[in-house]
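Observations on the three-dimensional arrangement
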Amino acid sequence: MTTKKGYKDLVAAAEAEIETITTDQALALHGSDEVLFIDLRDVRELWHDGKITGAKHVPRGMLEFWIDPESPYHKPIFAGGQKIIFYCNLGWRSALAAQVAQQMGLSNVCHIDGGFDGWIKAGGAVEEVVKR
């Protein structure tokens, strides 16, 4: 029988395996051609709060399909060689996403501790996302 794990256990296990960067480190990397910020939040969160300027939106539910080159849904942004910086609102979804990305063969990934909330508190650049 498998031991039940809650989200806190899953996030903690992910964080033990992945690189976590601070908001200050993310701010220093922002704007570099060598990094790609990936926003995992629900589109309604983007409409309400905006996103990190220049970030690409990847719905968390599509991540594995967009990463895998054998998937009919594969997106070339995951094959570009840039360091991928995942973020969500608080850093929980992004920790899980970074872990999955590593398990799928992407080695140059990390996530932002504190997520978008920390980014906003630090005064990071944000762009509006218009509802389509």
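1. A few points about the environment of Gly50
Along the polypeptide, Gly50 turns up in the loop between helix 3 (43–49) and strand 3 (51–52). For Gly50, a relative accessible area of 4% corresponds to the buried category.

2. Some details on the pairing of strand 6 (residues 109–112)
With burial as the criterion, each face of strand 6 is covered, one bearing Val109 and His111 and the other bearing Cys110 and Ile112. Sheet topology note: the strand 1 (residues 19–21)/strand 6 ladder contains three bridges and is parallel. Across the sheet, Ile21 pairs through a bridge with Ile112, a residue of strand 6. Direction of pairing for strand 5 (residues 83–87) relative to strand 6: parallel, over a ladder of three bridges. In the strand pairing of strand 6, Ile85 is matched with Cys110.

3. Observations concerning the sheet that holds strand 2 (residues 35–39)
What the five strands build is an open sheet, ordered 1-6-5-2-4; its pairing is parallel. Only two strands of the sheet have a single neighbouring strand rather than two, namely strand 1 and strand 4 (56–57).

4. A look at the environment of His111
Tracing the backbone through its elements, the reader meets His111 in strand 6. Beyond its immediate chain neighbours, meaning those up to four positions away, His111 contacts Glu15, Ile18, Glu19, Thr20, Ile21, Phe86, Gly91, Ser94, Ala95 and Ala98.

5. Points about helix 5 (residues 92–103)
The first and last C-alpha atoms of helix 5 sit 17 Å apart over 12 residues, in line with the 16 Å expected at 1.5 Å per residue. Within helix 5, the full set of buried residues consists of Ser94, Ala95, Ala97, Ala98, Gln99, Val100 and Ala101. Taken together, the buried residues of helix 5 touch helix 1 (7–17), helix 4 (63–67), strand 5 and strand 6. Positive phi appears at Gly105, one or two residues downstream of helix 5, with a value of about 105°.

Cut-offs used in this document
- Residues numbered from 1 in each chain as written.
- Predicted model: local features only at pLDDT ≥ 70, side-chain atom pairs only at ≥ 80, totals over all residues.
- Heavy atoms only, no water.
- Helix = DSSP H or I, 4+ residues; strand = E, 2+ residues; numbered from the N terminus.
- Buried < 20%, exposed > 50% of the residue type's maximum accessible area, 1.4 Å probe, protein only.
- Pairing = 2+ DSSP bridges.
- Contact = heavy atoms within 4.5 Å.
- Expected span 1.5 Å × (residues − 1).

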